[in-house]
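What the coordinates show
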Amino acid sequence: MKKLLVTGGAGFIGSNFVRYWIENHPEDQVVNLDALTYAGNLENLEGVEESLGYRFVHGDICDGEMVKRLFREEGIDTVVHFAAESHVDRSITGPEAFIRTNVFGTFNLLEAARESWNGDDPECRFLHVSTDEVYGTLGPGDPAFTEQTPFAPNSPYSASKAASDHLVRSYFHTYGLPVLTTNCSNNYGPYQFPEKLIPLVFINALEGKPLPIYGDGMQIRDWLHVEDHCRGIDAVLQGGRLGETYNIGGVNEWANIDIVKTICQRLDQLRPGDQPKAELITYVKDRPGHDRRYAIDAGKMNRELGWKPSYTFETGIEQTLDWYLVNQAWWERVRDGAYRSYYEKHYGR
Ligand code: NAD
Ligand code: TYD
């Protein structure tokens, strides 16, 4: 039986991971540590609260003493570290929070694990969840990012994640901490905060609002369904070699404009009477430092751990858009801020 500390478990990927883990490893215990920033939403975990062995802790990974206490009190042996400031656009307008949480917060967790584990237990694991954005940008004909690609981050977000990746690596080489790092491509799926491209475009299109495309819309991202990411993290936790990094991706490159058109087509099928949704596409000023292309070589995950994505983009995007359609109440409560009262209602007492 494992005792997991999941950080950032109320966010998009973290909440999907908590659900995934409880379903697939019901014997384990999961402590979810989350500061509930704008991106943290306990409604993502509705129903999970009742699971035996699950506990939510409202706290900030930058509070070093609290994190150390939690390790001691809970007997944590496995860390899956999602907590981060994660939105590139927000990192451009306010980089400080990114340095604080992504760098200093990660440092606190590493220190707590180092103090608590002391090299005693060969089963302990510290899995750091990172992004392909640390590798920078690719030209049209460049080979995909491998684990050997040098870091060249271009936004305060990716720079802060790169810094945390380096710190994690250093704790393996210096202290022998049993670390693993995953660098994953763009995720999509249920519970993604509706300021990210796919939910934003879907919701705006549904409501007949403009669909903002940065620059020429020809930037390319590799997209992976969040459930496949969760399975990938599980595979790395079970069989990954300590100190190694693993690239996780969908081998599924799409230009932004084509994703947006795909979403429009799907809505046109669902709402045949409406104005064609592609007419809402609006080109806007480009993001500063906007990376042109990301592509992931996930060969190591496949060779060493037998992992490959289970969703095709067609099945994944359809499932995701259907989810947003059925769960309108969820995203309306995010948009009007009502989700923030959930904590008080459920945990206030
Ligand atoms: P998210 O923004 O949806 O969620 C982040 C969570 O962390 C929120 O619940 C938030 O409340 C919490 N948090 C933020 N600061 C905290 C702090 N100081 N202490 C405790 N909790 C804090 O992010 P996401 O999209 O779910 O991404 C999760 C992780 O995966 C991040 O580390 C991100 O870099 C990485 N990642 C994301 C993607 C993607 O496409 N979304 C791709 C690759 C890697
Ligand atoms: P995003 O979902 O913010 O993820 P990331 O920046 O981490 O890749 O954006 C995905 C792509 O979509 C990125 O190239 C920026 C672009 N984009 C738009 O064109 N319009 C938008 O309104 C948003 C939010 C993103």
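Up top is the structure these notes are about.
Residues numbered from 1 in each chain as written. Chains lettered and ligands numbered in written order. Predicted model: local features only at pLDDT ≥ 70, side-chain atom pairs only at ≥ 80, totals over all residues. Heavy atoms only, no water.

Focus: the environment of aspartate 228
Looking at the element boundaries, aspartate 228 is found in helix H7 (residues 226–239). In this structure, the C-alpha to C-alpha distance between aspartate 228 and threonine 315, residues 87 residues apart in sequence, is 12 Å. Contact partners of aspartate 228, with chain neighbours within four places excluded, come to Trp307, Pro309, Ser310 and Tyr311. (Helix = DSSP H or I, 4+ residues; strand = E, 2+ residues; numbered from the N terminus. Contact = heavy atoms within 4.5 Å.)

Observations regarding the sheet that holds strand E9 (residues 220–225)
One open sheet holds the three strands; their spatial order is E7-E9-E11, and the pairing between them is mixed. At either end of the open sheet lies a strand with only one pairing partner, and these are strand E7 (186–188) and strand E11 (253–255). This sheet shows a mean twist of 50° between the axes of neighbouring strands, independent of strand direction. Examined bridge by bridge, E9 and E11 share three bridges and lie antiparallel to one another. Each residue of the ladder has a partner; that of isoleucine 220, found in E11, is alanine 255. (Pairing = 2+ DSSP bridges. Axes fitted to C-alpha atoms, helices over the stretch in contact; angles between N-to-C directions.)

Let's talk about the site of ligand 1
Near ligand 1 lie 28 residues; those nearest to it are Ile13, Asp34, Ser86, Tyr157 and Lys161. At 2.8 Å from a nitrogen atom of ligand 1 is found a side-chain nitrogen or oxygen belonging to aspartate 60. Between a nitrogen atom of ligand 1 and a side-chain N or O atom of threonine 101, the distance comes to 3.0 Å. Surface burial for ligand 1 is 96%, taken as the share of its 830 Å² of free accessible area covered by protein chains. (Near = heavy atom within 4 Å. Polar contact = N/O pair within 3.5 Å; in protein donor to acceptor, adjacent residues only side chain to side chain. Areas by Shrake-Rupley, 256 points an atom, 1.4 Å probe, with all protein chains shown as cover.)

Considering the pattern of salt bridges
When their charged atoms lie close together, side chains carrying opposite charge are able to pair. Under the defined criterion, the tally for this structure stands at 19 salt bridges. When the shortest N-O distance is used, the salt bridge between arginine 55 and glutamate 74 registers 2.0 Å. Taken as a pair, arginine 55 in strand E3 (residues 54–58) and glutamate 74 in helix H2 (residues 64–74) lie far apart in primary sequence, 19 residues in all. We classify arginine 55 as partly exposed; its relative accessible area is 38%. Residue classification places glutamate 74 among the buried residues on the basis of a relative accessible area of 14%. (Salt bridge = Lys/Arg side-chain N within 4 Å of Asp/Glu carboxyl O. Buried < 20%, exposed > 50% of the residue type's maximum accessible area, 1.4 Å probe, protein only.)

Re the nonpolar core
In terms of nonpolar packing, the biggest core is built from 67 residues, with Phe17, Val80, Phe82, Leu127, Ile198 and Leu211 touching the most fellow members. If we skip the residues at most four places from it in the chain, isoleucine 198 touches Tyr188, Trp223, Ile259, Ile263, Ile317 and Leu321. Counting residues in each nonpolar core, the second largest holds 23 residues, with Val57, Phe126, Val168 and Leu177 among its members. (Core = buried A, V, L, I, M, F, W, Y, C linked by side-chain atoms within 4.5 Å.)

Quick notes on the pairing of strand E2 (residues 29–34)
Within E2, five of the six residues are buried, which leaves the element mostly enclosed by the surrounding structure. By the bridge criterion, five bridges tie strand E1 (residues 3–7) to E2 in an arrangement that is parallel. Within E2, the residue paired with threonine 7 across the bridge is leucine 33. After leaving E1, the chain enters helix H1 (residues 12–24) and then returns to the sheet as E2, a path that is right-handed. Of the strand pairs in this sheet, E2 and E3 are connected by five bridges, and their pairing is parallel. What sits directly across from valine 30, in E3, is tyrosine 54. (Right-handed = clockwise from strand over helix to strand, strands pointing away.)

Some thoughts on the packing of aromatic side chains
In this structure the tally under the stated criterion is 20 aromatic pairs. On the numbers, 5.0 Å between centres and 80° between planes, the contact of tryptophan 323 with tyrosine 324 is edge-to-face. Judged by its relative accessible area of 1%, tyrosine 324 is buried. Members of the aromatic cluster, joined through ring pairs, are Phe17, Tyr20, Trp21 and Phe82. (Phe/Tyr/Trp six-rings, centres within 6.5 Å; stacked < 30°, edge-to-face > 60°.)

Here we look at H7
Residues three or four positions apart in an α-helix share a direction because the helix packs 3.6 residues into each turn. The terminal C-alpha atoms of H7 lie 20 Å apart, and with 14 residues this matches the ideal 20 Å at 1.5 Å per residue to within 8%. Of all 14 residues that make up H7, 10 are buried, and the element is covered over most of its length. (Expected span 1.5 Å × (residues − 1).)

As for the environment of glutamate 96
The topology assignment puts glutamate 96 in helix H4 (residues 96–117). Counting along the chain gives 61 residues from glutamate 96 to tyrosine 157, while the straight-line C-alpha distance between them is 9.9 Å.

Section: helix H5 (residues 156–175)
Taking 1.5 Å per residue, 20 residues should reach 28 Å; H5 reaches 28 Å between its end C-alpha atoms and fits that length. Along H5, the residues that are buried comprise Tyr157, Ser158, Ser160, Lys161, Ala162, Ser164, Asp165, Val168 and Tyr171. In this structure, the buried side of H5 is in contact with helix H3 (88–93), H4, strand E5 (125–131) and strand E6 (179–184).

Points about the sheet that holds strand E10 (residues 245–248)
In space, the seven strands of this open sheet follow the order E3-E2-E1-E4-E5-E6-E10, with parallel pairing throughout. The sheet terminates laterally at E3 and E10, the two strands that pair on one side only. Strand after strand, the sheet turns through a mean of 20° between neighbouring axes, direction not considered. Together, strand E4 (78–81), E5, E6 and E10 form the strand contacts of H7, whose direction differs from that of E5 by roughly 145°.

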